[in-house]
Amino acid sequence: MNTLNAAATRAITAVINRLADLDSDRDRGSGVVETIIIVAGFAGLAFTVYLAVAGKVNGWINKIPGSTGP
């Protein structure tokens, strides 16, 4: 999980830095692009956390006696 988060953070940082290098003279619109990249990155991280938490909760529910039905 931490490895995935670190890799996603590095990738987002690399893309933002690359876009900043490409558009150093013209800065129009770069704020929009950076915002979209950041939002997409956080959405990916939130989905990863959701999957991890959902798996844990389902595991806990399965440990409850009688939770699988009659």
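Coordinates for the structure precede this section.
Because the structure is predicted, anything quoted here is derived from the model rather than measured.

1. A look at the overall build of the protein
For step 1, the next point in the chain: A count of helices and strands for the protein gives 2 helices and 0 strands.
For step 2, the next point in the chain: Taken across its 70 residues, the protein has 7% of its residues classed as buried.
For step 3, the next point in the chain: When the accessible surface of the protein is split by element, carbon and sulfur atoms take 65% of a total near 5,700 Å².

2. Here's the deal with the environment of Asn5
For step 1, the next point in the chain: Here Asn5 shows up in helix H1 (residues 2–22).
For step 2, the next point in the chain: Note: C-alpha distance between Asn5 and Leu45 (40 residues apart in sequence) is 6.8 Å.

3. Overview of the side chain of Thr48
For step 1, the next point in the chain: With respect to the helices, strands and loops of the structure, Thr48 is situated in helix H2 (residues 30–63).
For step 2, the next point in the chain: Separated by 2.9 Å, the side chain of Thr48 and the backbone oxygen of Gly44 make a polar contact.

4. Quick word on the environment of Gly31
For step 1, the next point in the chain: By the secondary structure assignment, Gly31 is in helix H2.
For step 2, the next point in the chain: The class of Gly31 is partly exposed, set by a relative accessible area of 37%.
For step 3, the next point in the chain: With 11 residues separating them along the chain, Gly31 and Ala20 place their C-alpha atoms 9.8 Å apart.

5. Topic: a nonpolar patch on the surface
For step 1, the next point in the chain: Taken together, the side chains of Val49, Val53, Val57, Trp60, Ile61 and Ile64 define a hydrophobic patch exposed on the protein surface, amounting to about 540 Å² of accessible area.
For step 2, the next point in the chain: In this structure, Val49 sits in helix H2.
For step 3, the next point in the chain: Its relative accessible area of 40% is what places Val49 among the partly exposed residues.

How each quantity is defined
Residues numbered from 1 in each chain as written. Predicted model: local features only at pLDDT ≥ 70, side-chain atom pairs only at ≥ 80, totals over all residues. Heavy atoms only, no water. Helix = DSSP H or I, 4+ residues; strand = E, 2+ residues; numbered from the N terminus. Buried < 20%, exposed > 50% of the residue type's maximum accessible area, 1.4 Å probe, protein only. Areas by Shrake-Rupley, 256 points an atom, 1.4 Å probe, with all protein chains shown as cover. Polar contact = N/O pair within 3.5 Å; in protein donor to acceptor, adjacent residues only side chain to side chain. Patch = residues over 30% accessible without salt bridge, like charges linked within 9 Å, V, L, I, M, F, W, Y side chains within 5 Å. Salt bridge = Lys/Arg side-chain N within 4 Å of Asp/Glu carboxyl O.

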